[in-house]
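# A closer look at the structure
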Amino acid sequence: MSKVNKIAVLTSGGDAPGMNPCIRAVVRTGIYFGLQVVGVKQGYQGLINNNMYDMNERSVSNILHLGGTILKTARCMEFKEESGLEKAYKNLKNRDVDGLIVIGGDGTFTGAERFSRIYDIPVIGIPGTIDNDLYGSDFTLGFDTATNTVVEALDKIRDTADAHDRLFFIEVMGRDSGCIALRAGIAGGAEAILLPEKETAIEELIENLKSGSNKKTSSIVIVAEGDKNGGAYDIAKKVKEHVPSYDVKVTILGHLQRGGSPSSFDRVLGSRLGYAAVRALINGETRKMVGLKGNTIQLAELDEAISHHEFKLEQDLLDMVDILSI
Ligand code: F6P
């Protein structure tokens with residue numbers, strides 16, 4: 001039987017589409033199983049500042065389709081300090097919270113892992129980041145929506161690239177991960193995809209653009225923001241120096257990739273993960289992340305999820321980039 005009576009839920013780090021469906025699932029699953037649910041505003045900052053409120057099933061009505069997070073989010077430096085952790089613990093204890101669910105990325109999990117090693121409150125993590133850079137889950141919340149947003153942008157840029165016979169360098173988010181770049185590049189028909197996980201041979205890119213028996217008049221190159229050669233502007237400049245005949249343009253997609261209504265995939269994933277996280281707390285689990293492996297929800301150790309030991313890019317997608325762009 002569950003020893004948990006009252007749980008708190010928060011979103012932390014960069015927001016990701018799908019967080020709201022996930023919050024909804026946590027709140028309604030918790031209430032269904034007889035738990036009280038507390039919403040924490042602004043992530044760990046809200047724990048420290050005691051910015052929390054009691055939620056009921058109607059607190060999460062009409063939010064499934066919304067991007068962002070109704071709980072708001074923050075990147076909280078104070079939670080890295082012992083004094084911050086202690087304040088958070090006292091505030092949770094004063095409210096009789098005996099279980100915590102955190103939705104976020106690796107920074108969020110690092111904080112959660114540390115907190116739950118020091119204090120006696122079980123913690124379950126839910127992978128919520130557009131970067132898809134957590135291990136133990138094939139997909140993170142928000143990645144699918146963000147990738148769709150990039151593909152939509154690519155389609156539009158392709159129209160104008162074609163009309164003017166231009167070469168576009170499009171920079172996409174992902175921090176140190178090339179997941180968005182790779183998927184969006186395949187789906188959007190990119191000429192080349194520059195990824196942090198792969199050594200980029202600029203010379204090779206230049207050769208490909210220069211030669212080619214059937215030279216293209218317009219092209220799109222995706223640059224992941226973490227690529228080691230610098231940002232899209234640096235790369236575009238180098239390419240222009242070597243292939244002056246190209247009319248080169250750069251677009252940085254930036255934070256628009258973080259917004260928007262979650263895709264059906266992210267809504268379902270958020271619902272599954274929120275439900276599973278509550279069940280995990282009820283089952284007495286702690287320091288675990290709920291994730292999607294294949295098509296089943298599985299638990300992974302929180303510290304495994306942030307250890308970055310696994311190469312997450314699909315090899316078959318990598319192999320086909322050059323082939324599909326001949
Ligand atoms: O982690 C999500 C993410 O959007 C990364 O892709 C990006 O590098 C970073 O957050 C941007 O952070 P901020 O919104 O704090 O500028």
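Residues numbered from 1 in each chain as written. Predicted model: local features only at pLDDT ≥ 70, side-chain atom pairs only at ≥ 80, totals over all residues. Heavy atoms only, no water.

With that out of the way, let us pick up the overall build of the protein chain. Within the protein chain one finds eleven helices and eleven strands. Taken against the 2.2 N^0.38 rule, which gives 20 Å for 326 residues, the C-alpha radius of gyration of the protein chain at 22 Å falls within 12% of a compact globule. Once the C-alpha set of the protein chain is aligned to its principal axes, its extents read approximately 70 × 35 × 30 Å. In the protein chain, which comprises 326 residues, the share counted as buried stands at 53%. Summarising the internal contacts of the protein chain: among those between residues at least 6 apart in sequence, 76% fall at separations of at least 24. (Helix = DSSP H or I, 4+ residues; strand = E, 2+ residues; numbered from the N terminus. Rg over C-alpha atoms; globule rule 2.2 N^0.38 Å. Buried < 20%, exposed > 50% of the residue type's maximum accessible area, 1.4 Å probe, protein only. Contact = heavy atoms within 4.5 Å.)

Within the largest apolar cluster, 60 residues are counted, with the highest numbers of intra-cluster contacts made by I7, I101, I126, I170 and I222. Dropping the residues within four chain positions of it, I126 is found in contact with C22, V26, I101, V102, I103, G104, F109, L141, L273, G274, A277 and V290. Membership of the second largest hydrophobic core comes to 28 residues, among which are C76, F115, M289 and A305. (Core = buried A, V, L, I, M, F, W, Y, C linked by side-chain atoms within 4.5 Å.)

Across the five residues that make up strand β2 (residues 36–40), a large majority, four, are buried. With four bridges connecting them, strand β1 (residues 6–11) and β2 associate as parallel partners. Bridge assignment links A8 to a residue of β2, and that residue is V38. After leaving β1, the chain enters helix α1 (residues 19–32) and then returns to the sheet as β2, a path that is right-handed. Sheet analysis places β2 next to strand β3 (residues 52–55), joined by four bridges and oriented antiparallel. Following the sheet pairing, V40 is matched in β3 by M52. (Pairing = 2+ DSSP bridges. Right-handed = clockwise from strand over helix to strand, strands pointing away.)

The next thing to look at is the sheet that holds strand β9 (residues 247–252). Here four strands make up an open sheet; going across it, the order is β7-β8-β6-β9 and the pairing parallel. The strands lining the two open edges of the sheet, one partner per strand, are β7 (192–194) and β9. Neighbouring strand axes in the sheet, compared pairwise and without regard to direction, differ in orientation by 20° on average. As defined by bridge partners, β7 adjoins strand β8 (residues 219–224) across three bridges and the pair is classed as parallel. In the sheet register, I193 faces β8, and the bridge partner there is I222. (Axes fitted to C-alpha atoms, helices over the stretch in contact; angles between N-to-C directions.)

Of all six residues in β8, six are buried, a share of seventy percent or more. By the alternation rule, side chains of β8 split into S219, V221 and V223 and I220, I222 and A224, which are all buried. One ladder, built from six bridges, connects strand β6 (residues 166–172) with β8; its direction is parallel. Across the sheet, the residue bridging to I170 is I222, located in β8.

Mapped onto the elements, K3 comes out in the segment before β1. The spacing of K3 and A192 is 189 residues in sequence and 53 Å in space, taken between C-alpha atoms.

Take the site of the ligand next. Around the ligand, the structure places R75, T129, I130, D131, M173, G174, R175, E225, H255 and R258. Within the contact set of the ligand, an oxygen atom lies 2.7 Å away from a side-chain nitrogen or oxygen of D131. About the coverage of the ligand: the protein hides 75% of its 400 Å² of free accessible area. Here the shell around the ligand is built from residues that sort into two nonpolar, three polar and five charged. (Near = heavy atom within 4 Å. Polar contact = N/O pair within 3.5 Å; in protein donor to acceptor, adjacent residues only side chain to side chain. Areas by Shrake-Rupley, 256 points an atom, 1.4 Å probe, with all protein chains shown as cover. Nonpolar A, V, L, I, M, F, W, Y, C, P; charged D, E, K, R; others polar.)

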